[in-house]
Amino acid sequence: MKGNEAFAEAAIRAGADGYFGYPITPQSEVMEYLMAEKPHERTGMIVLQAESEVAAINMVYGGAATGKRVMTSSSSPGISLKQEGISYLCGAELPCLIMNAVRGGPGLGTIQPSQSDYFQSTKGGGHGDYRLLVLAPASVQEMADFARLGFDLAFKYRNPVLVLSDGAIGQMMEKVYLDPQRPRFTDEEIKQNTPWATTGKTPDRERNIITSLALESAKMEQHNIALQAKYRQMEEEEVRYEKIGCDDAEYAFVAYGTSSRICQKAIQLAREQGIKVGLMRPITLFPFPKKIIAQMTSRVKGILVVEMSAGQMVEDVRLAVEGRVKVEHFGRFGGIIPSPVEVVEALKKQIIGG
Amino acid sequence: MAEAIVNTELIQPENLVYKRTELLTPNALSYCPGCGHGTAHRIIMEVIEEMGIQSETIGIAPVGCSVLAYDFMNIDMQQAAHGRAPALATAAKRLNPKKYVFTYQGDGDLAAIGTAETIHACNRGENIVIIFINNGIYGMTGGQMAPTTLPGMKSSTSPYGRDVAMMGNPLKITELVAQLPGTLYVTRQAVHTPVAVRKAKKAVRKAFENTKLNKGLSFIEIVSNCNSGWKMTPRKANDWMVENMFPFYPLGDIKVNE
Ligand SMILES: Cc1ncc(C[n+]2csc(CCOP(=O)(O)OP(=O)(O)O)c2C)c(N)n1
Ligand code: SF4
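Residues numbered from 1 in each chain as written. Chains lettered and ligands numbered in written order. Predicted model: local features only at pLDDT ≥ 70, side-chain atom pairs only at ≥ 80, totals over all residues. Heavy atoms only, no water.

What follows is about the pairing of strand β12 (residues 302–307) of chain A. Residues and elements named next belong to chain A. In terms of burial, β12 is a largely internal element, six of the six residues being buried. Where burial is concerned, the two faces of β12 agree: the one with Gly-302, Leu-304 and Val-306 and the one with Ile-303, Val-305 and Glu-307 are both buried. Sheet topology note: the strand β9 (residues 251–254)/β12 ladder contains four bridges and is parallel. Each bridged residue has a counterpart across the sheet, and for Tyr-251 the counterpart in β12 is Gly-302. (Buried < 20%, exposed > 50% of the residue type's maximum accessible area, 1.4 Å probe, protein only. Helix = DSSP H or I, 4+ residues; strand = E, 2+ residues; numbered from the N terminus. Pairing = 2+ DSSP bridges.)

Below is the structure:
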C-alpha cells in the first residue's frame, strides 16, 4: 500500500467523521482513495472536495467545533493557505488531524519530496503563540499508525495534530498492518466526550461558544497562559523518538522522516568503514526530544543533522546541545533526496575531519 | 441612575403585548444605537424560539461588528475567521444533518474576503441558512469601502466617494447567488420599520423551514444601516438608506423555489 493510501484507510478505521481537502500533488491519493472507498457507506464518514485549502481547513474548524473527528491533508503550498485556519483552530482549541506531504519550495517549487516545512510546522506558520503537535512518520506503517494516534492526541489536548510526511513516504509502497475498524462516536458519546462542542444548546447547560476571540487583554493573556501550560504538558508526556545503533556510537545522525531512512543506510556504510555512528530519530518534532539529544552529548563527539532542507531542525538540535559538541547540518533541497554515500562523506568531512 | 417607574397595575399577564425572546441573552447589545444588527438578531432568535429548535440550532458568526453575536444569541455558536462562515457551516451541517445551521455575515465578510466560500456553499446547495447584513460599508474596522458601497458613496477609504472607474463597481452578490442551482430561496429584506421587520421575520422563518426540505440553501440579504460608518444620525441613516440603498438593492424575493 502507498503511504498516502495507508493514511486514508487508517483514518477511516480510526473512526473519522469527515475529510475535507483540495487536490495537490503529492498527496491527492488521500482524497482519491477516500472517494473510491465510499466511507459514507462503510462507516458514515463524510468526504468533501472543497473549493480551496482555505475552505477545507475552515470546514475542519466547523466540523471539529461540533465534536467530530475531522481531518484534512495537503502539500506545502496548500498547507501555507491553511495557516490562518490552523491558527484559529489552535486559538479555539479544536482537535483535528492535518497531514502535510511536504514538497520542495519556496513558491510553487517542485512536486518532489522535501523537508523544508519544518519551521512552519514546529514554530508557528500562522499568527500567534501556538504549537501543533507534530508527528513525523518514516514508513508506510507509521503513516497508518499516526492517523489513529493523531486523532487520539488531538482529542486528548484539544489541539490540531500535524502529520509531517513528504512526497517519498506518501508515494512509496510497503507492507502495512492496519488496525481493525473502530466505530465512529455516536452523538451521545460526543456530548459526553466533548461537552464543550456546539451540539445544540439544551436546557441542562449554558450555550457553548467556540471562539478564539477575547477583546480584553487580561482575558487573552489568561487564555495564552492556559495554552502554554498545555504545550508544556505535551513536552512532559508526548515526546517520541527512536534511537538506532546509539549504544556504542561515537557520532550521531539526527534525522526524521525520509532522511532518517537514508541515515539508516548510511550507518551501515559507515560502520563497514569502522566509523561508529548511530541515529537519533525524532518522531515528535513538537514536542522536540531535546532532553534526549542533550543526554547524548555525554557520549558522542559530534552530531550531523541530516535534513532535506537548507537547515531547519539543526537549530533545535543546537539549542539542545548548547555547544557541548559539534553540530553540523547536511542537506539537499529542492526535491533531491541525499544518497547514503553523500551522508557518510559529509559525516567524515564536517564532523570527524572538521 | 434614574429609578424606573413601574406601573404594577398595568403589568398583568392579560395586558402583555410583547415579550423579549428568551433566546436573546440579558447582555446589553454592543451595537451603536439605531444599528440594524440588533433587530436582525431579534427576529432570528424569535423564529428559533417559535419553531422550538434552540437545542438543534448551530449559529456561525464571523468577523465584523457581529463578531460578538454569541454574547447575545442564546444558542450554541461558532466564531469563524473573516469570510469563512459558509465553510464552517458546510461541515457543521453535513456532519450533523439533523441540525439547523445558519451563518450571520456582513457585506465585507460575505461579498469580499469570503466570496469563494459564499458562492461555493450556495452552488453546492448546502442545507443551511445564510443571513447577509448589507450595510454598504465595513462597520467594525471604522467605515472603509465595502464591495457593496454605492457609486459615489463616501467611506474612509473612498473619501471623495466611490469612483467606479478606479475602485470598481458594487457587487450585487444576492442577484448572483440567485443564479446558482443550489439556492432554494433568495430574498432581500430590511428591518427599518415595523412592517419591514414583520416581512423580514417571515422570510427568516421560511428560510429555517426550508432547512427541513433538504433542497438547498436559503439566502436572506438584509439591507441595513451603519450610522457610525455613514457618519449620520440613526434617523438620517434610515432615510438615506431608503433613498439611496433601496433603489440599488431593491427589496423583495429574488428566487422562491419549493
Ligand atoms: C483576515 C482578516 N482581514 C481583515 C480583518 C479586519 N476586519 C474585521 S471586520 C472587517 C470588515 C467587516 O465588515 P462587514 O463584514 O461588512 O461587517 P460589519 O462590521 O459592517 O457588520 C475587517 C476588514 C480581519 N479580522 N481578518
Ligand atoms: S459600526 Fe455600523 S454596523 Fe457596527 S454597530 Fe455601529 S452602526 Fe452597526
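Time to look at the sheet that holds strand β13 (residues 326–331) of chain A. Residue and element names in this part refer to chain A. Strand order in this open sheet of five strands is β8-β10-β9-β12-β13, and the pairing throughout is mixed. Edge strands, defined here as strands with exactly one partner in the open sheet, are β8 (241–244) and β13. On average, each strand axis in the sheet is inclined to that of its neighbour by 20°, with strand direction left out of account. Of the strand pairs in this sheet, β9 and strand β10 (residues 277–282) are connected by four bridges, and their pairing is parallel. Looking at β10, one finds that Tyr-251 is bridged to Val-277. Across the face of the sheet, helix α14 (residues 313–321) comes into contact with β9, β10, β12 and β13 while running at roughly 170° to β13. Strand contacts of helix α15 (residues 340–352): β9, β10, β12 and β13, with the helix running at about 150° to β13, the strand carrying the most contacts. (Axes fitted to C-alpha atoms, helices over the stretch in contact; angles between N-to-C directions. Contact = heavy atoms within 4.5 Å.)

Next up on the list: the state of the cysteines. Residue and element names in this part refer to chain A. Applying the stated rule across the entire model yields zero disulfides over all chains. With no disulfide of its own, Cys-96 lies closest to Cys-90 among cysteine sulfurs, the gap being 7.8 Å. Assessed through its relative accessible area of 0%, Cys-96 is described here as buried. (Disulfide = S-S within 2.5 Å.)

In the vicinity of ligand 2, the contacting residues are Tyr-31, Cys-32, Cys-35, His-37, Cys-65, Asn-135, Gly-139, Cys-226, Asn-227 and Ser-228 of chain B. When grouped by side-chain class, the residues that make up the shell around ligand 2 number five nonpolar, five polar and no charged. (Near = heavy atom within 4 Å. Nonpolar A, V, L, I, M, F, W, Y, C, P; charged D, E, K, R; others polar.)

Within the secondary structure, Asn-74 of chain B is located in the loop between α2 (69–72) and β2 (76–79). When sequence neighbours within four positions are dropped, the list of residues in contact with Asn-74 of chain B reads Lys-201 and Arg-207 of chain A together with Glu-22, Leu-23, Thr-25, Met-45 and Gln-54 of chain B.

Here we take up empty space enclosed by the protein. All names here are of chain A. Scanning all chains against the criterion turns up three cavities of 30 Å³ or more. Approximately 50 Å³ is the volume attributed to the largest cavity. Forming the boundary of the largest cavity are Ala-10, Arg-13, Ala-144, Asp-145, Arg-148, Tyr-177, Leu-178 and Asp-179. Looking at the lining of the largest cavity element by element, the count peaks at three residues for helix α8 (residues 140–157). Of the residues that constitute the lining of the largest cavity, the class distribution is four nonpolar, no polar and four charged. The computed volume of the second largest cavity comes to approximately 40 Å³. Around the second largest cavity, the lining residues are Ile-79, Gln-83, Ile-86, Asn-100, Gln-120, Ser-121, Leu-132 and Leu-162. Where the lining of the second largest cavity is concerned, the elements lending two or more residues are α6 (83–91) and α7 (118–123). (1 Å grid on protein atoms, 1.4 Å probe; cavity = no way out; pocket = protein on both sides within 12 Å on 5 of 7 lines; lining within 4 Å. Points joined across faces, edges and corners; volume = space filled by probe spheres on them.)

The next thing to look at is the interface of chain B and chain A. With 36 residues of chain B at the contact, the number on the chain A side is 35 residues. Around 2700 Å² of area is buried between chain B and chain A when both sides are counted, 58% of it from carbon and sulfur atoms. Run the count over chain B and chain A and you get three salt bridges. One salt bridge in this structure joins Asp-76 of chain B and Arg-205 of chain A, with 2.7 Å as the shortest N-O distance. Run the count over chain B and chain A and you get 19 residue pairs in polar contact (both at pLDDT 80 or more). Elements supplying a minimum of two residues to the side of chain B that touches chain A: β1 (57–61), α2, β2, α3 (85–95) and α5 (115–124) of chain B. Among the elements that take part in the side of chain B that touches chain A, α3 of chain B stands out by supplying seven residues, more than any other. The sheet contact formed by strand β7 (residues 209–210) of chain A and β2 of chain B spans two bridges and is parallel. For Ile-209 of chain A, the partnering residue across the bridge sits in β2 of chain B and is Met-77 of chain B. (Buried area = accessible area lost by both parts, 1.4 Å probe. Salt bridge = Lys/Arg side-chain N within 4 Å of Asp/Glu carboxyl O. Polar contact = N/O pair within 3.5 Å; in protein donor to acceptor, adjacent residues only side chain to side chain.)

Turning to the layout of surface pockets, a few remarks are in order. Counted as a void, the largest pocket has a volume near 360 Å³. Lining the largest pocket we find 15 residues, and of these Thr-211, Leu-213, Ala-214 and Lys-219 of chain A together with Tyr-70 of chain B sit closest to its centre. Contributions of two or more residues to the lining of the largest pocket are made by α11 (217–237) of chain A together with α2 of chain B. At three residues, the largest contribution of residues to the lining of the largest pocket is made by α11 of chain A. Split into classes, the residues belonging to the lining of the largest pocket amount to seven nonpolar, four polar and four charged.

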